[in-house]
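Descriptive analysis of the structure
Each chain, written out:
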Amino acid sequence: MKKINTFGVVIAVLGVLIILTPIVFPVCEGLLELVNGKKVPMRCNWTAQAEWIIGALVFISGLLVAFAKSAETRKRLNNQVFFLGLATILTPLFIIPTCMNPDMACNVGTKPALIILGVVVTGLGLYGSFL
């Protein structure tokens, strides 16, 4: 039986936490009414959906790191984890920013949690690429 790399399991768990963050710390559920009368979800709704995808990619990358046989493969996967961690940080800040009101639920809970998880994932990806 092959030995499982626990480093990859930690990354996979962080991916699950990124997926769960918008659920545990809910984003705003309101709708914005545009000038033309059409109602659309708030930006943080799209941020949450993007983070679910990024979290899924971190989870899959973590599992691949856990079961990778060669050190070169693990290094390349950890490089990928590094960039996914950066995407986790940049999404609520710049790519699909959360609401403009600092008192909204997305800015109080979701955004800080995603930034912290993103920093940890980025650090682990950087560390793992140099192992």
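For the structure, check the block above.
Residues numbered from 1 in each chain as written. Predicted model: local features only at pLDDT ≥ 70, side-chain atom pairs only at ≥ 80, totals over all residues. Heavy atoms only, no water.

Our focus in this paragraph is the packing of aromatic side chains. Each aromatic ring pair is described using two quantities: the centre-to-centre distance and the angle formed by the ring planes. According to the stated counting rule, one finds two aromatic pairs in the structure shown. Each ring, one from Phe-7 and one from Tyr-127, has its centre 6.0 Å from the other, and the planes form 55°; the classification is tilted. Remark: Tyr-127 occurs in helix α4 (residues 105–130) and Phe-7 occurs in helix α1 (residues 6–24); sequence separation between them is 120 residues. Ring geometry for Phe-82 and Phe-83: centres 5.1 Å apart, planes at 75°, overall edge-to-face. (Phe/Tyr/Trp six-rings, centres within 6.5 Å; stacked < 30°, edge-to-face > 60°. Helix = DSSP H or I, 4+ residues; strand = E, 2+ residues; numbered from the N terminus.)

At a closest axis distance of 7 Å, the pairing of α1 and helix α2 (residues 43–67) adopts a crossing angle of 165°. Compared by their axis directions, α1 and α2 come out roughly antiparallel. α2 is crossed by α1, and the crossing has left-handed handedness. Contacts from Phe-7, Gly-8, Val-9, Ile-11, Ala-12, Gly-15, Val-16, Ile-18, Ile-19, Pro-22 and Ile-23 of α1 reach α2 at Ala-48, Glu-51, Trp-52, Gly-55, Ala-56, Val-58, Phe-59, Gly-62, Leu-63, Val-65 and Ala-66. For the contact of α1 with α2, the residue count by class is 17 nonpolar, four polar and one charged. (Axes fitted to C-alpha atoms, helices over the stretch in contact; angles between N-to-C directions. Parallel < 35°, antiparallel > 145°, perpendicular 65-115°, else oblique. Left-handed = near helix turned anticlockwise from the far one by under 90°. Contact = heavy atoms within 4.5 Å. Nonpolar A, V, L, I, M, F, W, Y, C, P; charged D, E, K, R; others polar.)

We now examine the side chain of Glu-51. With respect to the secondary-structure elements, Glu-51 resides in helix α2. This buried residue, Glu-51, is left without a salt bridge; Lys-111 holds the nearest opposite charge, at 11 Å. If we ignore the near neighbours within four places in the chain, the residues touching Glu-51 are Ile-18, Ala-87, Thr-88, Thr-91, Pro-92 and Leu-114. (Buried < 20%, exposed > 50% of the residue type's maximum accessible area, 1.4 Å probe, protein only. Lys, Arg positive; Asp, Glu negative; His and termini not counted. Salt bridge = Lys/Arg side-chain N within 4 Å of Asp/Glu carboxyl O.)

A word on α1. Between its first and last C-alpha atoms α1 spans 25 Å; for 19 residues at 1.5 Å apiece the expected length is 27 Å, and the two agree. Along α1, the largest kink reaches about 25° and is centred on Ile-18; proline Pro-22 follows within four residues of it. Those residues of α1 lying buried are Phe-7, Gly-8, Ile-11, Ala-12, Leu-14, Gly-15, Ile-18, Thr-21 and Pro-22. Tucked into the core, α1 has its buried residues touching α2, α3 (71–95) and α4. At the N-terminal end of α1, a side-chain oxygen is found 2.9 Å from the backbone nitrogen of Phe-7, two or three residues along, and the residue is Asn-5. (Expected span 1.5 Å × (residues − 1). Bend = angle between axes of the 7 residues up to and from the residue. Polar contact = N/O pair within 3.5 Å; in protein donor to acceptor, adjacent residues only side chain to side chain.)

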